[in-house]
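Each chain, written out:
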Amino acid sequence: MIAFDEAPVGTELPTRTFRVTRTDLVRYAGASGDFNVIHWNERRAISVGLPDVIAHGMYTMGLAGRAVTDWLGDPGALVDFGVRFSRPVVVPDTDDGTEVQVGGVVKRALDDRQVVIELTVTSDGVKVLGQARATVRLS
Amino acid sequence: MPLDSSFVGRSYPPTPAYEVGREKIREFAAALGDDNPAYRDQAAARALGHPDVIAPPTFAIAFTWPASQQLVHDPELGLDFGRAVHGDQKFAYHRPIHAGDRLRSTVIVENIRAVAGNDMITTRIEVTDEAGEPVVTTWSMLVVRAAEVSG
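Keep in mind it's a predicted model, so treat the numbers as computed, not measured. (Residues numbered from 1 in each chain as written. Chains lettered and ligands numbered in written order. Predicted model: local features only at pLDDT ≥ 70, side-chain atom pairs only at ≥ 80, totals over all residues. Heavy atoms only, no water.)

Draft legend 1. Quick look at the overall build of chain A. Along chain A, the regular secondary structure elements total three helices and five strands. Helices (α) and strands (β) of chain A occur, in sequence order from the N terminus, as β-α-α-α-β-β-β-β. The principal-axis extents of the C-alpha atoms in chain A amount to approximately 50 × 30 × 25 Å. Intrachain contacts of chain A at a sequence separation of at least 6 include 68% that bridge at least 24 residues. With 15 positive and 18 negative side-chain charges, chain A shows a separation of 5 Å between the mean positions of the two kinds. (Helix = DSSP H or I, 4+ residues; strand = E, 2+ residues; numbered from the N terminus. Contact = heavy atoms within 4.5 Å. Lys, Arg positive; Asp, Glu negative; His and termini not counted. Charge placed at Lys NZ, Arg CZ, Asp CG, Glu CD.)

What follows is the structure in structure tokens.
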């Protein structure tokens, strides 16, 4: 676990890059129970005005969460976690799919050894999550 | 037609208990490519002070989303789900969810507002354990796009 004194305001979390393919979306659909067709069927995604199949917002949020919990060690130390889904993560039907990058910085220190982490989440150079923040309790 | 704002404050009866299974947690973690031992290995989870393997931070969506269908498909509200997109999501954790938990979800309509012809509806879900103690609170905002979209 990260100690409160080791993570002053301005501390940067390791930037993470996650590869996202159609297979990942199908697996996430099964695990989460979200079978919305726009996450696996190109024809239907395009028919509702999307450029292509897009990732589940909650999948992208899950990847953003990994950047925090991998840094923390104990995922149980999360106090709150919120995001706004500002832009879709477009996942083309290629072997490489696309990438989601997650960066984070300690923005504020609170009472009770808690800190607020602000996350920057991009895909293809575009910010896909807004107001992405997690509060964590450090040791 | 805009959503009826008199729905704000309405709550639905708690769901039957959802039993959190170890293998479901592993499956969910694997779908995120997450090999944190706290999700997979009981001994590792106990070493961190948890009674059993714990669930990833976004796991609650797997049972709170079905719970929210009570509202989404409430004929009185008349929400057109085909036009809805997930706008934002927040979780406040009172304690980690762990395997063996039996959790009930109570869906509450927290806010409805219209912005530029789109409806934005925020639901809060209070998740409690068998003792009635709070485990996690979630907020989900859906944007329901206006029926007549040009271009």
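So much for the structure itself; the text now carries on.
Draft legend 2. Highlighting the overall build of chain B. Broken down by element type, chain B carries three helices and five strands. Starting at the N terminus and ending at the C terminus, chain B contains elements arranged as β-α-α-α-β-β-β-β. Each principal axis of the C-alpha atoms in chain B carries an extent, and together these give about 55 × 35 × 20 Å. Looking at chain B as a whole, 46% of its 151 residues are labelled buried. Sequence separation of at least 24 residues holds for 69% of the intrachain contacts in chain B that already meet a minimum separation of 6. With an accessible surface of roughly 7,100 Å², chain B has 52% of that area assigned to carbon and sulfur atoms. Between the mean site of the 14 positive side-chain charges and the mean site of the 20 negative ones, chain B shows a separation of 2 Å. (Buried < 20%, exposed > 50% of the residue type's maximum accessible area, 1.4 Å probe, protein only. Areas by Shrake-Rupley, 256 points an atom, 1.4 Å probe, with all protein chains shown as cover.)

Draft legend 3. Up close: the nonpolar core. A:Val68, A:Trp71, A:Phe81, A:Ile117, A:Leu119, B:Ile97 and B:Ile121 are the most contacted members of the largest nonpolar core, which has 79 residues in total. Looking at this core, the element that brings in the most residues is helix H3 (residues 57-72) of chain A, giving nine residues. (Core = buried A, V, L, I, M, F, W, Y, C linked by side-chain atoms within 4.5 Å.)

Draft legend 4. The interface of chain B and chain A, seen in detail. Every contact between the two is made by 27 residues of chain B and, on the other side, 25 residues of chain A. Here chain B packs against chain A, burying approximately 2,300 Å² in sum over the two surfaces, 59% of which is carbon and sulfur. The largest share of the area that chain B buries against chain A comes from B:Ala31, B:Leu32 and B:Tyr93, three residues that together contribute 24% of it. Joining chain B to chain A, the criterion identifies one salt bridge. Among the ionic pairs, B:Asp88 bridges to A:Arg84, the shortest N-O distance being 3.4 Å. Counting the contacts that link chain B with chain A gives ten residue pairs in polar contact (both at pLDDT 80 or more). Contributions of two or more residues to the side of chain B that touches chain A are made by helix H1 (22-31), helix H3 (61-72) and strand E2 (84-93) of chain B. Looking at which element gives the most residues to the side of chain B that touches chain A, the answer is E2(B), with eight residues. (Buried area = accessible area lost by both parts, 1.4 Å probe. Salt bridge = Lys/Arg side-chain N within 4 Å of Asp/Glu carboxyl O. Polar contact = N/O pair within 3.5 Å; in protein donor to acceptor, adjacent residues only side chain to side chain.)

Draft legend 5. Expanded view of the UniProt feature "domain: FAS1-like dehydratase" (unreviewed entry) in chain B. Under the local residue numbering, the UniProt record ascribes the feature "domain: FAS1-like dehydratase" (unreviewed entry) to residues 6-137 of chain B. This span, residues 6-137 of chain B, is 21% helix and 31% strand, and a straight line between its end C-alpha atoms measures 23 Å. (UniProt positions renumbered as here; feature names shortened; annotations may be inferred.)

Draft legend 6. Layout of helix H1 (residues 22-32) of chain A. Here H1(A) has its buried residues at A:Arg22, A:Asp24, A:Leu25, A:Tyr28, A:Ala29, A:Ala31 and A:Ser32. Directly beyond the C-terminal end of H1(A), a positive phi value near 85 degrees is found at A:Gly33.

Draft legend 7. Quick peek at the packing of aromatic side chains. In this structure the tally under the stated criterion is seven aromatic pairs over all chains. Pairwise contacts between aromatic rings join A:Tyr28, A:Tyr59, B:Tyr18, B:Phe28, B:Phe59 and B:Phe63 into one cluster. Taking NZ or CZ as reference, B:Arg10 lies 3.8 Å from the ring centre of B:Phe7, over its face. Its end group placed over the ring of B:Trp139, B:Lys90 keeps NZ or CZ at 5.5 Å from the ring centre. (Phe/Tyr/Trp six-rings, centres within 6.5 Å; stacked < 30°, edge-to-face > 60°. Lys NZ or Arg CZ within 6 Å of the ring centre and 35° of its normal.)

Draft legend 8. Molecular detail of the pattern of salt bridges. All names here are of chain A. Counted under the stated rule, the structure contains 20 salt bridges over all chains. Between Glu42 and Arg22 there is a salt bridge; the shortest N-O distance is 3.1 Å. Highlighted residues: Glu42 in helix H2 (residues 42-47) and Arg22 in helix H1, separated in sequence by 20 residues. On the accessibility criterion, Arg22 (14% relative accessible area) is buried. Taking the shortest distance from any N to any O, the salt bridge between Arg66 and Asp70 comes out at 3.8 Å. One end of the pair is Arg66 and the other is Asp70, both in helix H3 and four residues apart, which spans about a single turn. Overall, Arg66 belongs to the buried group, its relative accessible area being 10%. The class for Asp70 is partly exposed, based on a relative accessible area of 32%. Salt bridges sharing common partners tie together Arg16, Arg66 and Asp70.

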